[in-house]
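# Chain and residue survey
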Amino acid sequence: MAEPGVETRTRSSVITARAAASFEPVGRSVATARAFVRDTLQGWGYTDVVDDAVVLTSELVTNAVVHAGTSADVLCLRTEEGVRVEVADHYPEREVPMQGTGRSLGSPDRENGRGLLLCAALASRWGVEYSPTQKQVWFQLDLPERPVGTRSAGPVLPIGMLPLADEQIRVAVIQIDRNGAISAWNEDAERLFGYAADQVVGKPLGDFAAWPQTPGIGTGIAEALRMSRWEGSYGLRCNDGRVIPVYASHLRVRDAHGEPSTVCLLVRDYERAILQSPTRTPVTDSGGDNRHADPFEVFIGSPAPDDLDGLLQRTVERARDMLDGDAAFLLLATDDETELEVRATTGLPSARQRFARVPVESGTGRYASARMPAVHEDLTAVHGGVPLLNGTGMRSVVTVPLKVEGRLTGSLGVAAESAGRYSNEQALRLQFAADRIALAVESARLGELERLRRGSLSFLVEASDLLAGTLDRDQTLALMAQMTVPTLATWCAVYTIADQSSEPYLSYVLHEDEERIDGLKALLSRIAPPEPVPSPGARVWTAPGEAAHQAALRTSMRELGLASTPLSSGIGTTLATAAAVGGETVVLPLVARNRVIGMLTLGKPSDDHFRQEILELAEDLSRRAALALDNSRLYSERVAISQSLQRSLLPPGLPQIPGVEVDVIYRAAGEGNEVGGDFYDLFPIEDNAYGFAIGDVCGTGPEAAAVTGLARHALRLLAREGFGGPAVLERLNAAILDEGARSRFLTLLYGELRPQEDGSAVLKVVCAGHPLPLRLRPDGTVEPAAEPQPLLGVMEDLELYEQTVTLDPGDVLLCVTDGVTERREGTRMLGDDGLAEVLTTCTGLTAGAVTARVLRAVERFAAEPASDDMAILAMRVPQPHTS
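Every residue gets a number counted from 1 within its own chain, in the order that chain's sequence is written. Only residues with pLDDT of at least 70 get local features here, since the model is predicted, and only at 80 or more are side-chain atom pairs given and counted; chain-wide, interface and lining totals rely on the full set of residues. Neither water nor hydrogens contribute to the side-chain values; these are computed over all heavy atoms in the structure.

### Some points on the overall build of the protein
Within the protein, the secondary structure is distributed over 19 helices and 34 strands. Working definition: with a 1.4 Å probe on protein chains only, accessible area under 20% of the residue-type maximum means buried, over 50% means exposed, and in between means partly exposed. Here the protein holds 883 residues, and 46% of them are scored as buried. Working rule for contacts: check all heavy atoms of both residues, and any pair within 4.5 Å makes them a contact. Sequence-distant contacts, at least 24 apart, represent 62% of the contacts inside the protein between residues at least 6 apart. For every accessible area listed, the method is Shrake-Rupley and the probe measures 1.4 Å; residues are considered covered only by the protein chains on display. Summed over its atoms, the accessible surface of the protein is roughly 43300 Å², and 50% of this surface lies on carbon and sulfur atoms. Put simply, DSSP H or I for four residues or longer makes a helix, DSSP E for two residues or longer makes a strand, and each gets a number counted from the N terminus.

### Describing the pattern of salt bridges
Any carboxyl oxygen of Asp or Glu that lies within 4 Å of a side-chain nitrogen of Lys or Arg is treated as forming a salt bridge with it. With the rule as written, the count across this model stands at 31 salt bridges. Measuring nitrogen to oxygen at the nearest pair gives 3.2 Å for the salt bridge that ties Asp-188 to Arg-170. Placement of Asp-188 in helix H4 (residues 187–193) and of Arg-170 in the loop between strand S5 (135–142) and strand S6 (172–177) is noted, with a sequence separation of 18 residues between them. Taking relative accessible area as the criterion, Asp-188 reaches 17% and is therefore assigned buried. The exposure class assigned to Arg-170 is buried, which follows from its relative accessible area of 14%. Where Asp-378 meets Arg-395, a salt bridge forms, and the shortest distance between an N and an O atom there is 2.9 Å. Placement of the pair is Asp-378 in the loop between strand S15 (374–376) and strand S16 (396–404) and Arg-395 in the loop between S15 and S16, with a sequence separation of 17 residues. Look at Asp-378 and you get partly exposed, because its relative accessible area is 23%. A relative accessible area of 29% places Arg-395 in the partly exposed class. A single salt-bridge network, built from bridges that share partners, covers Arg-775, Arg-777, Glu-783, Asp-808 and Asp-811.

### Looking at the sheet that holds strand S4 (residues 125–130)
Ordered by their spatial adjacency, five strands build an open sheet running S1-S2-S3-S5-S4, and the pairing between neighbours is antiparallel. Unpaired on one side and paired on the other, strand S1 (15–23) and S4 mark the two borders of the sheet. In this sheet, adjacent strand axes meet at a mean angle of 15 degrees when their direction is disregarded. Pairing of strand S2 (residues 72–79) with strand S3 (residues 82–89), which is carried by six bridges, proceeds in the antiparallel orientation. Looking across to S3, one finds that Arg-78 is bridged to Val-83. Throughout, an axis means a line fitted to C-alpha atoms (over the contacting stretch in the case of helices), and angles, computed between N-to-C directions, take values from 0 to 180 degrees. The sheet contacts of helix H1 (residues 28–44) involve S1, S2 and S3, and relative to S1 the element is tilted by about 165 degrees. Helix H2 (residues 50–67) contacts S1, S2, S3 and S5 of the sheet and is inclined by roughly 175 degrees relative to S5. A pair of strands counts as paired when DSSP detects no fewer than two bridges linking them.

### Some points on the nonpolar core
In these notes, a set of buried Ala, Val, Leu, Ile, Met, Phe, Trp, Tyr and Cys residues joined through side-chain atoms within 4.5 Å is what counts as a nonpolar core. In this structure, Met-480, Leu-524, Leu-590 and Leu-602 are the most contacted members of the largest nonpolar core, which totals 53 residues. Here the element with the most residues in this core is helix H14 (residues 612–648); it accounts for nine residues. Contact partners of Leu-590, with chain neighbours within four places excluded, come to Met-480, Val-494, Tyr-495, Arg-595, Val-596, Ile-597, Gly-598, Met-599, Leu-600, Ser-622, Ala-626 and Leu-629. Counting 36 residues, the second-largest nonpolar core is a separate cluster that includes Val-54, Ala-64, Cys-76 and Cys-119.

### Looking at the packing of helix H18 (residues 831–840) against helix H19 (residues 847–861)
Contact geometry of H18 with H19 gives a least axis separation of 10 Å together with a crossing angle of 135 degrees. For the element pair H18 / H19, the angle class is oblique. Crossing hand, H18 versus H19: right-handed. Here Leu-835, Val-838 and Leu-839 of H18 come into contact with H19, specifically with Val-850, Arg-853, Val-854 and Ala-857. Under the scheme applied here, ten amino acids are nonpolar (Ala, Val, Leu, Ile, Met, Phe, Trp, Tyr, Cys and Pro), four are charged (Asp, Glu, Lys and Arg), and all others, including Gly, are polar. Here the contact of H18 with H19 is built from residues that sort into six nonpolar, no polar and one charged. Oblique is the label for any angle not covered by the other classes, which are roughly parallel (under 35 degrees), roughly antiparallel (over 145) and roughly perpendicular (65 to 115). Here a crossing is taken to be left-handed if its near helix is turned anticlockwise relative to the far helix by less than a right angle, and right-handed if that turn runs clockwise.

### Observations concerning unusual backbone geometry
Backbone geometry follows two general trends: most residues other than glycine have a negative phi, and most peptide bonds adopt the trans configuration. Of note, the bond from Val-485 into Pro-486 is cis; its omega dihedral lies within 30 degrees of zero at 0 degrees. Of note in this structure, Asn-594 is not a glycine but carries a positive phi near 60 degrees. Among the structural elements, Asn-594 can be located in the loop between strand S21 (585–592) and strand S22 (595–603).

### A word on a negative patch on the surface
Note that patches include only residues with greater than 30% relative accessible area and no salt bridge, and the join distances are 9 Å for like charges and 5 Å for nonpolar side chains (Val, Leu, Ile, Met, Phe, Trp, Tyr). Only four residue types enter the tally: Lys and Arg on the positive side, Asp and Glu on the negative side; His and the chain ends are excluded. One atom stands in for each charge, and that atom is NZ of Lys, CZ of Arg, CG of Asp or CD of Glu. A surface patch of like charges, here negative, comprises Glu-730, Asp-738, Glu-796, Asp-797 and Glu-799. Mapping Glu-796 onto the fold places it in the loop between strand S29 (782–784) and strand S30 (803–807). Residue class for Glu-796 comes out exposed when judged on its relative accessible area of 68%.

### Considerations on the packing of helix H8 (residues 308–322) against helix H9 (residues 424–468)
The interhelical angle for the contact between H8 and H9, taken along N-to-C directions, is 170 degrees, at an axis separation of 10 Å. Considering their axes alone, H8 and H9 lie roughly antiparallel with respect to each other. Seen from H8, the contacting residues are Leu-308, Asp-309, Leu-311, Leu-312, Thr-315, Ala-319 and Met-322; seen from H9, they are Arg-429, Leu-430, Ala-433, Ile-437, Ala-440, Val-441, Ala-444, Arg-445 and Glu-448. Looking at the contact of H8 with H9 residue by residue, the class counts come to 11 nonpolar, one polar and four charged.

### Observations regarding helix H11 (residues 517–526)
Within H11 the residues assigned to the buried category are Ile-517, Gly-519, Leu-520, Leu-523 and Leu-524. In a view along the axis of H11, the buried residues occupy a sector of 165 degrees, so they form one face of it. Projecting away from the buried face of H11 at angles above 90 degrees are the exposed residues Asp-518, Ser-525 and Arg-526. Comment: arc refers to directions from the helix axis out to C-beta atoms.

### Thoughts on the environment of Ile-614
Position of Ile-614 relative to the elements: it lies in helix H14. The class for Ile-614 is buried, based on a relative accessible area of 19%. The sequence separation of Ile-614 and Leu-452 amounts to 162 residues, and the corresponding C-alpha distance is 9.0 Å.

### Side note on the packing of aromatic side chains
Within a pair of aromatic rings, the relevant descriptors are the distance that separates the centres and the angle that separates the planes. When the centres of two rings from Phe, Tyr and Trp lie within 6.5 Å, Trp using its six-membered ring, the rings pair. Their planes under 30 degrees apart give stacked, over 60 give edge-to-face, and anything left gives tilted. Taken as a whole and judged by the stated rule, the model has six aromatic pairs. Note on Tyr-495 and Trp-541: the rings are 6.2 Å apart at their centroids and 80 degrees apart in plane angle, and the pair reads as edge-to-face. Within this pair, whereas Tyr-495 is found in strand S18 (residues 491–496), its partner Trp-541 is found in the loop between strand S20 (539–540) and helix H12 (543–560), the two being separated by 46 residues in sequence. For the pair shown, Tyr-495 and Trp-541 are each scored as buried. Joined through ring pairs, the aromatic side chains of Trp-185, Phe-193, Tyr-195 and Phe-208 make up one cluster.

### Looking at the pairing of strand S11 (residues 260–268)
The element S11 is largely enclosed, with a buried count of seven among its nine residues. Across six bridges, the pairing between S6 and S11 is antiparallel. What sits directly across from Val-173, in S11, is Leu-265. In the sheet, strand S10 (residues 243–254) pairs with S11 via nine bridges, with the strands oriented antiparallel. Bridging from a neighbouring strand, Ser-249 pairs with Leu-265 of S11.

### Observations concerning the environment of Glu-721
Along the chain, Glu-721 falls in the loop between helix H15 (701–720) and helix H16 (725–737). For Glu-721 and Ile-685, which are 36 residues apart along the polypeptide, the C-alpha to C-alpha distance reads 8.8 Å.

### Notes on the confidence of the model for the protein
Looking at any residue, its pLDDT shows the predictor's confidence there, from 0 to 100. With 81% of its residues at a pLDDT of 70 or more, the protein has an overall mean of 80. No element of the protein has a lower mean pLDDT than helix H7 (residues 295–300), at 63, and none a higher one than strand S31 (residues 812–816), at 95. Across residues 148–152, where pLDDT falls below 50, the model places seven contacts with residues more than four positions away in sequence or in other chains. Every residue in residues 562–569 is under pLDDT 50, and counting partners more than four places away or in other chains gives three contacts.

### Concerning the pairing of strand S13 (residues 339–346)
Taken across its eight residues, S13 has seven buried, putting it largely inside the fold. Here six bridges tie strand S12 (residues 327–333) to S13, and the two strands are oriented antiparallel to one another. Looking at S13, one finds that Ala-333 is bridged to Leu-340. Bridge count between S13 and strand S14 (residues 357–359): three bridges; the pairing is antiparallel. Bridging from a neighbouring strand, Glu-341 pairs with Arg-357 of S14.

Given below as structure tokens:
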């Protein structure tokens, strides 16, 4: 029986495609699973539900691989209605909280347990299933319904009311392949533009397009051809060089083999009614209203665009045409209604003012007429009355507010280049149209905000996962920049602050065009960094744009003085950099643990502005990035301190001993450790006398390393005081026992080496519980060179003695710690016999070659990395050279 709130999965829908993958129980599998689901759904064309599917999959896979600790199986199923994703783990006895059982699903702010809450909030249907071997959570996301067929039909019109065409209407039909090249060109296209089919087929459409013909279009021709549907105006260059303004309708299709292409229908721009026609209502003398006419459809036309940008662009074009204006614009209010944001324009000199913000209410540079209809007969007499039109050549303008339930949601305006064009009658007509579209615009805006919110949630989930995956400072800086460019900004710069007394330092620069990075970095290096203000939120920084403008101006003036010479490459770089940073630049503080540790700087190209939603998302990202950057700093500092302290416990270097070759290989177990429980030393005691030691403290890591430091320094001090080997070790034993609870037992091989005039070397050694040193003779014989004695740090009264060993020319003395002899592979162990066998193969090798061969044998003995510290010390008396 199904619990309330959880559905039992049905399979009545026809499955048209499936994709499956399994992920190991490791943290990086969560990001891999997200990428798998995103790629699968985008490949199926289900972009409408990708963000929700990625967020839900991330939570469910996290539950499986992190919290349940098992592998996760992800299955994606495509049906006619939408997509179903199933996530299974292998821990079926885990209890799943259900709605309606009196138990809370918990808070969505918790680190775990949010998967089912998100399923309930985002999924169309979801459920949980159990089997003897696994638990499976599934969710289904339905595709949004899209209207099909005819949405509305205009009334029957008398012939005299039909649109008038001067000549035969020609509709050019052009087909564009996936690479943007023309693959089909019909007869009407030949008549309209003068090219025969064989002259254009195979060439890019961009070679003939004059783009954009109508300002207000924010995408390029290549991007428009990749959209599923697109309508708008641009121009095509004819065979005689003229540019014909056309109105185009693009539809992206694919053939039976899956190859995509775009079908373009084009007519002359003034014949746009052929492709895009509003519903027309016949005029009657009775003045009666037509109850079946939709005022919204009358103004916008049918079918209405189903996306916000398309709706806004259609609105400004219709408003311009309705009042016979030269330009039109539409601004949307921010959530607090204190600013208006430019969202669509037509007929203005540039469309690059999208998302520019204008304050509402009265004052210089403010939009004083936003909340009521207004007519400006001559803008030259009311300077700044409509800031958007400053410097555009527009003289008269009518603006009306867009309101929903009495709340200001936007402003619609139509402008003309001549003064006195508009009156109150035109304002009332425009207000009537604004009232018809206000609710649709607000609904589309809220839908866009919801999509942005879900996309932002998916973005922040992936960003947090990436930032948490590294403790390397440089990699963290690179990730911060790469996550913002080009998703949030065109370029990014990260400044870091080492401490409170340090100036901000430019640490990383990234631009979406790699060729602009060097110029941008050089520009930012020449100007003072932004002030490190701890207050949250984005603040505008004008210095980069001003510096780039001045640099471009100086370069241009120098070039003008050299009119007889061609332009140098320098001006191209300077002007490109100026264009790259000429838009809005904002700075967000990176605050971690109540301290400003840097600034995240985001920029746009010339005249571009940031959307408020993007700035809010960037602020969320900056908080996460600041904590990750501070964590990497703390980790780097602690590693540096640890490594510095550890290096102080190692010998400064090996002395040169006349007549004796010496080589040491040392490996400490554990990541980041340079010193462990094993240690070695070789040092001069007096003239022609050297002390050497190799030892092993119980345990590994910092605690053992502390004892190694004590042992090494004590050995040097006592030996140089003239004590013999047994006396040195007895006093070291007492020092270790004095450490009390911190003491650890220690195995130690200590000896004194004296080279002789006859080419041999005499050693006096004491082996206190340590693996015995091995002596290799030139004939390949291997034998122990000492006898075992009690280890240190256990008993107070030790009776130790030293033994004398003479190394003849060609002899090698090998000393190792138990990390070598106790190397294991399953139940096998290298042992003393295995080490001796390796040593027999080292006859005639130098001391360095002996240590290298022993290390190679140890590493090859087992596939797994060594888990114990390891020290290898070899001393060889070379044989005299014979002539």
